[in-house]
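# Topology and contacts: notes
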Amino acid sequence: MSILIEDVLLDGDRKNIRVEGNRITSLDSDEGADTVIHGNGKAAIPGFVNTHTHAAMSLFRGYADDMPLQDWLSNKIWPLERHLKPEHIYWGTKLACLEMIKSGTTCFNDMYFFMEETAKAAEEMGIRAVLSEGFTDLLDPDAGKERFQSSISLVQSIRSMRNDMIVPALGPHAMYTVSPESLQMISEYAEKEDLLVHFHLSETEDEVNACIEEHGKRPVEFLEEIGFLNPRLVAAHSIWLNKEEIGLLSKHDVKVSHNPVSNMKLAVGKAIPYREMKEAGLLVSLGTDGCASNNTLDMFETVKFAALYQKAFTGDPTILPAQEAVALATENGARALGIDAGRISPGKLADIVLVDLRAPQLHPGHNLVSDLAYAANGSCVDTVICDGKILMQNRKIEGEDEILERANEAALDLVGNE
Ligand SMILES: [Zn+2]
C-alpha cells in the first residue's frame, strides 16, 4: 500500500509526501500511488503524541469539576472507579480514541484498569498506544506481589496480539499508593522485559512533604536510592522538584510528561520548572491527563496551555516559544515513548496529520507555527494517517455515531451505579 500526499505545505515548502507501507519514503515523490491525497490548502504536521492519559476517563467528562484535588479524588473519582466494568473501559476508550484522532493525536501513553479492553479499542481505531495497568498496593508489599501478576498478564496478553502499534508497559501509580518494595520489583521486571514504566511523580506539595516525613528524603532522592530512576521511566506531572532532583532525573535520563491543563485545573500550585529542566537536558513531552481533570484530549489546547502556563508563572513571555511547544507534543513525545515518529522525514513512521488551512483560525497565515501553537484547535484537523493507514479523511471516521451512542450509554450505566 502506498499513499501520495500531493502538493502539501510542510515546514514552509510545498512537498509531495510518499508513504510506502508504514513509513515515509520521500518528500518529493513524482510517482503515482495506490491512494492520492490532494494536499492543496493543507499543511502536514507530525501526529501528536499524548504521553499521559487515562483514556477511558472520557466517561467522567464533566462529572465532577471545580473541587480540591483530594476531595475530588476521594469523594468523586475513586467511588465511581470502583464500579468500572470492562465494557465501560472499552467504550470510554473508543470515545477517547475518536476524540484523539479528530484532534490529530496518533499515539497515547495510557494507564488505567481493564487494559485489555483499551488495547482492543485502540487496535480497532488504528491508533498507537503504550498501555499499562494502574498498579497500587496501598503500601503493602505482600499485596503488591500478588497484584503484580495482573500487570504481568497484561504484558503477556498485549504481546500475544502481535501488533507493533500496541505496546505493553508497567504503571505503578505513585509513591503514595505503591510501596518501595513494589516499586523495586516493578523496576526490575521492566528492565528484564524491556518495558516503559509510567508513573505519577510529585504532582502536589503534600505528596513531597509526606515522603520527607516518611523517608527523610525528597521523592526523587528516595527513588534514586531504591534504583527506580532510569531512561525507561515516564514521570507524569513532575512539578514539585528542586534543583538537585532535576539533576537526578537528568542523570538517569528520566522522561517528563507535562500536563498543564490538568495541573491548572486541579490548582497544584506551581508550574513545572521548565527552564531548569531544559537547562539540565531533560526530555519534556506533553500529556492531557484524563478527561476528569482536563476535560478534553485535544493536544492543540495542551500545547497552548503549556506555553501560556510557563509565561504566566515565570513572568517571562519569551519562555517556551511556539516552535518549541509544538515539538514537545510531537518529536519529544515520540522520543519519550521510543517510537520512531514525531517528525515528517523519510524513514520515519508515517504518522501524519493534515491541517485544513481554510480554517478561519489559521488566517491570514502570517506564521503557521504560531498559528498551530496559539490559534488552532482539533477542529482544524482534516486527515489523519497512522502507521501508513488513513484513519480519518475530510473529518470522517467510520462508526463514529455508534461510538458516541454506546459511550453515552456506558457513562449513564456507570453513574447510575454510584
Ligand atoms: Zn494521571
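Everything numeric in this text was worked out from a predicted model, so none of it was measured.

### Points about the overall build of the protein
Secondary structure assignment for the protein yields 15 helices and 16 strands. Relative to the compact-globule value of 22 Å for 418 residues, the protein shows a C-alpha radius of gyration of 21 Å, a close match. If you line up the protein on its principal axes, its C-alpha atoms span 65 × 45 × 40 Å. A burial count over the protein gives 58% of its 418 residues as buried. Across the protein, every contact between residues at least 6 apart in sequence was considered, and the portion connecting residues at least 24 apart equals 73%. By element, 48% of the accessible surface of the protein is carried by carbon and sulfur atoms, the whole surface being about 16,900 Å². In the protein, the 38 positive side-chain charges and the 65 negative ones have mean positions that sit 3 Å from each other.

### Some thoughts on the pairing of strand 12 (residues 255–258)
Side-chain alternation along strand 12 places K255 and S257 on one buried face and V256 and H258 on a second face that is also buried. Of the strand pairs in this sheet, strand 11 (residues 233–237) and strand 12 are connected by three bridges, and their pairing is parallel. When the sheet's bridge partners are listed, V234 is paired in strand 12 with K255. Bridge count between strand 12 and strand 13 (residues 283–286): four bridges; the pairing is parallel. Considered in strand 13, the bridge of S257 is made with S285.

### A few points about the coordination of the zinc ion
Protein-derived coordination of the zinc ion comes from H52 (NE2), H54 (NE2), H200 (NE2) and D289 (OD), at a distance range of 2.1 to 2.6 Å. Viewed at the metal, the four donor atoms of the zinc ion are separated by angles of 83 to 174 degrees, and the geometry they form is irregular. When the donors of the zinc ion are listed by position in the chain, the intervening gaps give H-x1-H-x145-H-x88-D. Placement of the pair is H200 in strand 10 (residues 196–201) and D289 in the loop between strand 13 and helix 11 (299–314), with a sequence separation of 89 residues. Judged by its relative accessible area of 6%, H200 falls in the buried class.

### Describing the pattern of salt bridges
The final tally for this structure, using the stated rule, is 23 salt bridges. Among the salt bridges present, the one from K102 reaches E400, with a minimum N-O distance of 2.7 Å. In this pair, K102 is assigned in helix 2 (residues 86–102) and E400 in helix 15 (residues 400–416), connecting sequence segments 298 residues apart. The exposure classification of K102 matches that of E400, with both residues buried.

### So, the packing of aromatic side chains
One pass over the structure, following the stated rule, counts seven aromatic pairs. Considering the side-chain rings of F48 and F300, the 4.8 Å spacing of their centres and the 85 degrees angle between planes classify their relative orientation as edge-to-face. Of this pair, F48 sits in strand 6 (residues 48–53) while F300 sits in helix 11, placing them 252 residues apart in sequence. Look at F48 and you get buried, because its relative accessible area is 3%. Taken together, the ring pairs connect F135, F148 and Y189 into an aromatic cluster.

### A word on the packing of helix 11 against helix 12 (residues 322–329)
Closest axis-to-axis distance for the helix 11/helix 12 pair is 9 Å, and the angle between their directions is 130 degrees. By the angle class used here, helix 11 and helix 12 are oblique. Between helix 11 and helix 12 the crossing geometry is right-handed. Contacts between helix 11 and helix 12 involve M299, V303 and A307 from the first element and A325, V326 and A329 from the second. Partitioned by chemical class, the residues of the contact of helix 11 with helix 12 number six nonpolar, no polar and no charged.

Conventions used here
- Residues numbered from 1 in each chain as written.
- Predicted model: local features only at pLDDT ≥ 70, side-chain atom pairs only at ≥ 80, totals over all residues.
- Heavy atoms only, no water.
- Helix = DSSP H or I, 4+ residues; strand = E, 2+ residues; numbered from the N terminus.
- Rg over C-alpha atoms; globule rule 2.2 N^0.38 Å.
- Buried < 20%, exposed > 50% of the residue type's maximum accessible area, 1.4 Å probe, protein only.
- Contact = heavy atoms within 4.5 Å.
- Areas by Shrake-Rupley, 256 points an atom, 1.4 Å probe, with all protein chains shown as cover.
- Lys, Arg positive; Asp, Glu negative; His and termini not counted.
- Charge placed at Lys NZ, Arg CZ, Asp CG, Glu CD.
- Pairing = 2+ DSSP bridges.
- Donors = N, O, S within 2.8 Å, 3.2 Å for Na, K, Ca; no water.
- Tetrahedral: all angles 85-135°; square planar, octahedral: opposite > 155°, others 65-115°.
- Salt bridge = Lys/Arg side-chain N within 4 Å of Asp/Glu carboxyl O.
- Phe/Tyr/Trp six-rings, centres within 6.5 Å; stacked < 30°, edge-to-face > 60°.
- Axes fitted to C-alpha atoms, helices over the stretch in contact; angles between N-to-C directions.
- Parallel < 35°, antiparallel > 145°, perpendicular 65-115°, else oblique.
- Left-handed = near helix turned anticlockwise from the far one by under 90°.
- Nonpolar A, V, L, I, M, F, W, Y, C, P; charged D, E, K, R; others polar.

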